[in-house]
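For reference, the chains in residue letters:
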Amino acid sequence: MFIVCVTACPVGIAHTYMAAANLEKAVKKAGHEVKVETQGAQGLENEITPEDLERADAAIIASDIRIKNGNRFDDVPTLTVGVQEAVKDPDGIVKELMEALE
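Overview of the structure. All figures in this text were calculated on a predicted structure; none of them were measured in a lab.

As for the pairing of strand β5 (residues 78–81)
No. 1: Because side chains alternate across β5, one face comprises the buried residues L79 and V81, and the other comprises T78 and T80, none of which is buried.
No. 2: Two strands pair when backbone bridges link them, and strand β4 (residues 58–63) and β5 are joined in this way by 4 bridges, in the parallel orientation. Residue pairing for β5: I60 is matched across the bridge by L79.

Right, dumping it as structure tokens:
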């Protein structure tokens, strides 16, 4: 599976990037391909492209704020969680997503 993720928090510094790293690690550990976009203090990084969305089997949005261009995920099965959850329990998030896709 190819899973795309977006992380964003109000300040856009530590938690955005910690959540991104943890989700990337958890998705890979589960045996899937992943691309993580961050919307942090540095702006939008590693942007998910229309081509990525066409390939995506699912998406994880870990955000405590409204993400930029959120409607682009309308056609992709999406799990939305808070940033803290992605920092603390990324494996649980991936498991929940996989169960929802079954």
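Considering the packing of aromatic side chains
No. 1: Per the counting criterion, the structure on display carries 0 aromatic pairs.
No. 2: For R55, the ring lying beneath its charged end belongs to F2, and the centroid distance is 4.0 Å.

Some words on the environment of G12
No. 1: Following the sequence through the fold, G12 ends up in the loop between β1 (2–8) and α1 (14–29).
No. 2: For G12, a relative accessible area of 2% puts it in the buried group.
No. 3: The sequence separation of G12 and M1 amounts to 11 residues, and the corresponding C-alpha distance is 28 Å.
No. 4: The contacts of G12, once residues within four sequence positions are left out, are Y17, G40 and A41.

Some words on the pairing of β4
No. 1: Along β4, 6 of the 6 residues are buried, which leaves the element largely enclosed by surrounding structure.
No. 2: Side chains A58, I60 and A62 of β4 all project onto a buried face; the interleaved residues A59, I61 and S63 project onto the opposite face, where all are buried too.
No. 3: Where β1 lies against β4, 6 bridges are found, and the strand directions are parallel. Residue V4 lies in a different strand from β4, and its bridge partner there is A59.

Thoughts on the side chain of S63
No. 1: Structurally, S63 is set in strand β4.
No. 2: Among all residues touching S63, those that are not within four sequence positions of it are A8, V81, G82 and V83.

Structural notes on unusual backbone geometry
No. 1: Within the chain, N46 stands out as a residue other than glycine whose phi angle is a positive 55°.
No. 2: Tracing the backbone through its elements, the reader meets N46 in the loop between β3 (43–45) and α2 (50–55).
No. 3: The partly exposed category is assigned to N46, whose relative accessible area is 47%.
No. 4: Here the phi dihedral of N69 falls at roughly 55°; this positive angle occurs in a residue that is not glycine.
No. 5: Along the chain, the position of N69 falls in the loop between β4 and β5.
No. 6: A relative accessible area of 46% means that N69 is categorised as partly exposed.

Thresholds applied
Residues numbered from 1 in each chain as written. Predicted model: local features only at pLDDT ≥ 70, side-chain atom pairs only at ≥ 80, totals over all residues. Heavy atoms only, no water. Buried < 20%, exposed > 50% of the residue type's maximum accessible area, 1.4 Å probe, protein only. Helix = DSSP H or I, 4+ residues; strand = E, 2+ residues; numbered from the N terminus. Pairing = 2+ DSSP bridges. Phe/Tyr/Trp six-rings, centres within 6.5 Å; stacked < 30°, edge-to-face > 60°. Lys NZ or Arg CZ within 6 Å of the ring centre and 35° of its normal. Contact = heavy atoms within 4.5 Å.

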